[in-house]
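So you can see what is in the structure, the chains are spelled out below.
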Amino acid sequence: MTLTFQRGNDKIINMKITYDRAKNSKNIENRGLSFDEVVNFDFETAIRWEDTRKDYGEVRYCALGKVANRVHALVYTRINGGIRVISFRKA
């Protein structure tokens, strides 16, 4: 899915967001949170870092940022034109 969104008067952002459908279903079941909500994640003010705890076979990033007024934790990897969501939960 490619999401196009605008934050207030800020520039329009085009970002592809992908995820594993089965993992998303499990996240909804366990955490009540769909990966589709990542479109509302405030990347501009988020704290981000590379996850170097172990070799995942890909570069993974962790981020803490707000969705509405609640802080959420997002784990993702970069893909061409966007991100692939690995984990998403309320912090």
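Residues numbered from 1 in each chain as written. Predicted model: local features only at pLDDT ≥ 70, side-chain atom pairs only at ≥ 80, totals over all residues. Heavy atoms only, no water.

(A) Region of interest: the overall build of the protein. Looking only at helices and strands, the protein has one helix and six strands in total. Mapped from its N terminus to its C terminus, the protein presents α and β elements in the order β-β-α-β-β-β-β. For the protein, buried positions account for 40% of its 91 residues. Long-range contacts, defined here as pairs at least 24 residues apart, represent 39% of the contacts in the protein between residues at least 6 apart. Summing over all exposed atoms, the protein offers an accessible surface of approximately 6000 Å²; the carbon and sulfur share of this is 45%. (Helix = DSSP H or I, 4+ residues; strand = E, 2+ residues; numbered from the N terminus. Buried < 20%, exposed > 50% of the residue type's maximum accessible area, 1.4 Å probe, protein only. Contact = heavy atoms within 4.5 Å. Areas by Shrake-Rupley, 256 points an atom, 1.4 Å probe, with all protein chains shown as cover.)

(B) Highlighting unusual backbone geometry. Although it is not a glycine, Ala68 adopts a positive phi angle of roughly 60 degrees. Looking at the secondary structure, you find Ala68 in the loop between strand 4 (61–67) and strand 5 (70–79).

(C) Inspection of the pairing of strand 4 at higher detail. Counting buried residues along strand 4, five of its seven residues qualify, which places the element largely inside the surrounding structure. Where strand 3 (residues 47–50) and strand 4 come together, four bridges link them in antiparallel fashion. Residue pairing for strand 4: Glu50 is matched across the bridge by Tyr61. Alignment of strand 4 against strand 5, held across seven bridges, turns out to be antiparallel. (Pairing = 2+ DSSP bridges.)

(D) Highlighting the pattern of salt bridges. Evaluation of the coordinates by the stated rule reveals three salt bridges. Between Glu58 and Arg60 there is a salt bridge, with the nearest N and O atoms lying 3.0 Å from each other. The salt bridge involving Arg84 is made with Glu58; its shortest N-O contact spans 2.4 Å. Within this pair, whereas Arg84 is found in strand 6 (residues 82–90), its partner Glu58 is found in the loop between strand 3 and strand 4, the two being separated by 26 residues in sequence. Classification of Arg84 as partly exposed rests on a relative accessible area of 28%. If you follow the salt bridges from partner to partner, you end up with Glu58, Arg60 and Arg84 in one network. (Salt bridge = Lys/Arg side-chain N within 4 Å of Asp/Glu carboxyl O.)

(E) Representation of the nonpolar core within the structure. Core analysis: the biggest nonpolar cluster contains 17 residues, and Val38, Phe41, Phe43, Leu74, Ile83, Val85 and Phe88 have the highest contact counts within it. Only strand 2 (12–18), strand 4, strand 5 and strand 6 provide two or more residues apiece to this core. Setting aside anything within four residues of it in sequence, one finds Phe88 in contact with Asn27, Arg31, Leu33, Ser34, Phe35, Glu37, Val38, Phe41, Val67, His72, Ala73 and Leu74. (Core = buried A, V, L, I, M, F, W, Y, C linked by side-chain atoms within 4.5 Å.)

(F) Quick look at the environment of Arg21. Following the sequence through the fold, Arg21 ends up in helix 1 (residues 21–31). Through-space distance from the C-alpha of Arg21 to that of Phe35 is 9.0 Å; in sequence the pair is 14 residues apart.

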